[in-house]
Amino acid sequence: MQSLYQAVRPFLRYVFYPNPGDAAYGDGWVIALFILAGALVVASFVLRRWRTSLQNPVTRKLSRSWSGASLWFGLVAAVLTVSRTEQIQFFAMRLLWGLWILSLLLYVFFQLRQFRARHYSMLPRERTMDPLERYLPGKRRH
């Protein structure tokens, strides 16, 4: 049991360390994370605009939460990135980035699943003219 703890201890320290440090605003990965966060925020506004232009009510209903989720994922990514570069303890933990990635993947997975299961399009109805229809009794007209 002690050897298992000794084997797992470096990984747990890496993940749960409250202030990992060694991050600057000029680092490439910090800039990439800010670009990702900004892209998610911009995507939220684009998705909202796209959703209002939709004609299909089913697609509009299924895409209702996409813009809000994109905005919140972008804002949380920006806060986590700033926390890491400013060395704010406990918000700079690598575990929070793992939870962010996991929740993003789960959200995308469930949204794709719902979209595939519930999306359909309304087909226009064809009106067929039955030649016997004019001889059958219909609605009374006053």
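Everything below is about the structure shown above.
None of these values were measured; they are calculated from a predicted model.

## Section: the layout of surface pockets
In this model, the largest pocket occupies a volume close to 220 Å³. Every residue lining the largest pocket is listed: Leu40, Ala43, Leu47, Trp66, Ala69, Ser70, Phe73, Leu104, Tyr107, Val108, Gln111 and Leu112. If you list the elements that add at least two residues to the lining of the largest pocket, you get helix 2 (28–52), helix 4 (66–85) and helix 5 (94–118). Looking at side-chain class alone, the lining of the largest pocket contains 10 nonpolar, 2 polar and no charged residues.

## Some words on the packing of aromatic side chains
Applying the stated rule across the entire model yields 7 aromatic pairs. Taking 6.1 Å as the distance between ring centres and 55 degrees as the angle between the ring planes, the aromatic pair formed by Phe73 and Tyr107 counts as tilted. Of this pair, Phe73 sits in helix 4 while Tyr107 sits in helix 5, and the two are 34 residues apart along the sequence. Take Phe73: its relative accessible area is 14%, and that puts it in the buried class. Ring plane angle 75 degrees and centroid distance 5.3 Å describe the contact between Trp97 and Trp100, whose orientation is recorded as edge-to-face. A residue pair is termed a helical-turn pair when its members lie 3 or 4 positions apart in one helix, as Trp97 and Trp100 do in helix 5 at 3 residues. Each member of the pair, Trp97 together with Trp100, is buried. Among the aromatic residues, those joined into a ring-pair cluster are Phe73, Trp97, Trp100 and Tyr107. Looking at Arg94, its charged tip hangs above the ring of Tyr14, at a distance of 4.0 Å from the centre.

## Digging into unusual backbone geometry
Even without being a glycine, Gln87 presents a positive backbone phi close to 55 degrees. Topologically, Gln87 is positioned in the loop between helix 4 and helix 5. Residue Gln87 is classed as partly exposed on the basis of its relative accessible area, which comes to 41%. Positive phi, close to 70 degrees, is recorded for Phe90, a residue that is not glycine. In this fold, Phe90 is placed in the loop between helix 4 and helix 5.

## Regarding the nonpolar core
Residues Leu33, Ala37, Leu40, Ala69, Phe73, Ala77, Leu80, Trp97 and Trp100 constitute the largest nonpolar core, which totals 9 residues. Of all the secondary structure elements, the ones that give two or more residues to this core are helix 2, helix 4 and helix 5. Ranked by residue count, the leading element in this core is helix 4, at 4 residues. When residues no more than four places from it in sequence are discounted, the contact partners of Trp97 are Leu33, Ala77, Leu80 and Thr81.

## A few points about helix 1 (residues 2–16)
Residues separated by three or four positions in an α-helix point in the same direction, a consequence of the helix having 3.6 residues per turn. With 15 residues, helix 1 extends 20 Å from end C-alpha to end C-alpha; this agrees with the ideal 21 Å at 1.5 Å per step. The largest bend in helix 1 comes to about 40 degrees, at Val8, with the proline Pro10 one to four residues further on.

## A few points about the packing of helix 2 against helix 4
Axis separation between helix 2 and helix 4 bottoms out at 8 Å; the angle between their running directions is 160 degrees. As summarised for this structure, helix 2 and helix 4 are arranged roughly antiparallel, according to the angle between their axes. Where helix 2 crosses over helix 4, the handedness of that crossing is left-handed. Across the contact of helix 2 with helix 4, the residue classes break down as 17 nonpolar, 6 polar and 2 charged.

Rules used throughout
- Residues numbered from 1 in each chain as written.
- Predicted model: local features only at pLDDT ≥ 70, side-chain atom pairs only at ≥ 80, totals over all residues.
- Heavy atoms only, no water.
- 1 Å grid on protein atoms, 1.4 Å probe; cavity = no way out; pocket = protein on both sides within 12 Å on 5 of 7 lines; lining within 4 Å.
- Points joined across faces, edges and corners; volume = space filled by probe spheres on them.
- Helix = DSSP H or I, 4+ residues; strand = E, 2+ residues; numbered from the N terminus.
- Nonpolar A, V, L, I, M, F, W, Y, C, P; charged D, E, K, R; others polar.
- Phe/Tyr/Trp six-rings, centres within 6.5 Å; stacked < 30°, edge-to-face > 60°.
- Buried < 20%, exposed > 50% of the residue type's maximum accessible area, 1.4 Å probe, protein only.
- Lys NZ or Arg CZ within 6 Å of the ring centre and 35° of its normal.
- Core = buried A, V, L, I, M, F, W, Y, C linked by side-chain atoms within 4.5 Å.
- Contact = heavy atoms within 4.5 Å.
- Expected span 1.5 Å × (residues − 1).
- Bend = angle between axes of the 7 residues up to and from the residue.
- Axes fitted to C-alpha atoms, helices over the stretch in contact; angles between N-to-C directions.
- Parallel < 35°, antiparallel > 145°, perpendicular 65-115°, else oblique.
- Left-handed = near helix turned anticlockwise from the far one by under 90°.

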